Amino acid sequence: MKKDENKHQRYLRKLEREKYAVRIGQWSILVVFLALWQYTTDRNILDSFIFSSPKRVLNTIVTLGSSRILWEHTAITFLETIVSFFLTTIVCIFMAVLLWWQKVLSDILEPYLVLLNALPKSALAPLLIVWLGTGMNTIVVAGMSVAIFGSIIQLYTCFREVDCEKEMLIYTLGGNRRQVLTKVILPGSVPGIISNMKVNVGLCLVGVVIGEFLAAKRGLGYMIIYGSQVYKLDWVMTAIILLMVMAMFFYVSIDKMSKKL
Amino acid sequence: MVAVSIDQVSYSYHSVSAETVALQDISFQVSPGEFLAIVGPSGCGKSTLLALICGLLKPDKGTISFYDEAGISKTNIGYMLQKDNLFEWRTVYRNVILGLEINHCLTEEKKEKIDRMLVNYGLKDFEEKRPSELSGGMRQRAALIRTLAMEPDLLLLDEPFSALDYQTRIEVADDIGRIIRQEGKTAILVTHDLSEAISMADRIVVLSKRPARVKKIMEVNLSVPEKSPLAARSAPEFQGYFNTLWKELKSDEERRE
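Residues numbered from 1 in each chain as written. Chains lettered and ligands numbered in written order. Predicted model: local features only at pLDDT ≥ 70, side-chain atom pairs only at ≥ 80, totals over all residues. Heavy atoms only, no water.

### Examining the overall build of chain A
When you go through chain A residue by residue, the secondary structure sums to 12 helices and zero strands. Listing each helix as α and each strand as β along chain A from the N terminus yields α-α-α-α-α-α-α-α-α-α-α-α. Taken over the C-alpha trace, chain A has a radius of gyration of 24 Å; the compact-globule value for 261 residues is 18 Å, which it surpasses by more than 25%. Based on the C-alpha atoms only, the size of chain A along its principal axes is roughly 75 × 75 × 30 Å. Here the analysis covers contacts within chain A between residues at least 6 apart in sequence; of these, 71% occur between residues at least 24 apart. Split by element, the accessible area of chain A, about 15700 Å² in all, is 69% carbon and sulfur. Treating the 27 positive side-chain charges of chain A as one cloud and the 17 negative ones as another, the clouds have centres 6 Å apart. (Helix = DSSP H or I, 4+ residues; strand = E, 2+ residues; numbered from the N terminus. Rg over C-alpha atoms; globule rule 2.2 N^0.38 Å. Contact = heavy atoms within 4.5 Å. Areas by Shrake-Rupley, 256 points an atom, 1.4 Å probe, with all protein chains shown as cover. Lys, Arg positive; Asp, Glu negative; His and termini not counted. Charge placed at Lys NZ, Arg CZ, Asp CG, Glu CD.)

Here's what the structure looks like:
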């Protein structure tokens, strides 16, 4: 008996060790990367004017951060992404329900959805500027345009894959089509909807940054374009790093939220 | 007395390439409180027949009537499908009340009845669990309670045990057979398992291969004191009925070959 306990504890310790090994591996990649970046720029192997360096990025964050400009850019991009993400999610669920409800409609619209999904959205951005101006609307729509078409197709597929015997069960219990939707299709698709949201939030961020490249006077996308034009590559690097942190934040938030459900 | 009468019912499926006749001139009757089994080769249209009785499909020809004396109308037919179809996103309790929730009739009285059934059928301790935490037999019992909660007068069972392993299958059939007799329900069981049909039913309707027709209707009288499916299997007449049914189905195959 005692021997078995030891065995089990050894097994648990092994699991624990493996978990730490993964964490250490993940952090050490970051640390090694930053250290190499700093070292090579310090020794002038890489030109720190073009490649920036961790120290210079940190300096930029401190100097720009104290004047609030940096946080304004970050907040704008954050807000635009959130808005376009929420609108995308709502529109996609609504459209997927509509297509599920009217199969004929989905057959009619399918080639258009596939076509619009395949279209490079950056090609649309100049048009959006002409149509909607250079304000926040354009940026939000640009963000939505990247995610929305693929997401509708994916959600609709997810709805159709729900076991049709479960649909039949609702009918045998005296339910109608609306109840099939609310009791089976929607609750049964929650995992699909969540994974769809995880992809969408990233795509919305991509769309927002594309929009900011072309149209905006504010936001991290604007900061990247401006920085590269005036050769302030510290700004560009800082903006890129902030975008990474933001993407990470969105992903983790949705993941946390889905685990609570 | 007749509870359900099926008169010369025919039904065909349509696909792009062809029209397939599934059922042809099917006629039989079920008495109140009777347990009727329908057997036939797989794919012969047994499930289609149940879908017609339930009203999910409309017959091309013929009529299916329910008699009021037995209190059966289309609205209180309980249907058990092959799989238990419990929803993983609901607890066992919320699965069991699904039908009542859909029909907006979740009264205190019904809740008490469900509670009693959960206790009687050994699921009370599991009502807050997810379906995946239950054994196959427990899941099937939960599905039965979900059906019985609607207080159906007619139960349609579409091979409800076919997804279970052999041992569980006999136990659950025994369980469910007993529950249905206790509650005094009229039931129609579709199966391709001959032993299951003989051990559970009062009468057996044998269907032919597609297009399905009624080949034979056979009464089952077993000399066991209490007709539970498990006891029935050791009745002296059991083997005789089995052989008769086997020959019926076999002759059908040979004629076609």
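### Some remarks on the side chain of Lys183(A)
Positionally, Lys183(A) belongs in helix α9 (residues 177-188). Assessed through its relative accessible area of 16%, Lys183(A) is described here as buried. A polar side-chain atom of Lys183(A) sits 2.6 Å from a polar atom in the side chain of Glu101(B). (Buried < 20%, exposed > 50% of the residue type's maximum accessible area, 1.4 Å probe, protein only. Polar contact = N/O pair within 3.5 Å; in protein donor to acceptor, adjacent residues only side chain to side chain.)

### A closer look at the interface of chain A and chain B
Facing 16 residues of chain A, the contacting portion of chain B comprises 19 residues. Between chain A and chain B the total buried area reaches about 1600 Å² when both faces are included, carbon and sulfur atoms providing 67% of it. Here chain A is connected to chain B by two salt bridges. The residue Lys83(B) makes a salt bridge to Asp163(A) at a minimum N-O spacing of 2.9 Å. Along the contact surface separating chain A from chain B lie five residue pairs in polar contact (both at pLDDT 80 or more). (Buried area = accessible area lost by both parts, 1.4 Å probe. Salt bridge = Lys/Arg side-chain N within 4 Å of Asp/Glu carboxyl O.)

### Points about the packing of aromatic side chains
Residues and elements named next belong to chain A. Taken as a whole, this structure holds 12 aromatic pairs over all chains when the rule is applied. With 5.9 Å between their ring centres and 25 degrees between their planes, Tyr222 and Tyr226 make a pair best called stacked. Remark: Tyr226 and Tyr222 occur in helix α11 (residues 220-229); sequence separation between them is four residues, near one turn of the helix. Accessibility expressed as a relative area gives 32% for Tyr226, which makes it partly exposed. Between Tyr226 and Trp235, the ring centres sit 5.7 Å apart and the planes meet at 40 degrees, which makes this aromatic pair tilted. Exposure remark for Trp235: the relative accessible area of 16% places this residue in the buried category. Here the aromatic cluster, defined as three or more aromatic residues joined through ring pairs, consists of Phe78, Phe249 and Phe250. Lying over the aromatic face of Trp100, Arg177 brings its terminal NZ or CZ to 4.2 Å of the ring centre. When the ring centre of Trp101 is taken as reference, the NZ or CZ atom of Arg177 above it lies at 5.4 Å. (Phe/Tyr/Trp six-rings, centres within 6.5 Å; stacked < 30°, edge-to-face > 60°. Lys NZ or Arg CZ within 6 Å of the ring centre and 35° of its normal.)

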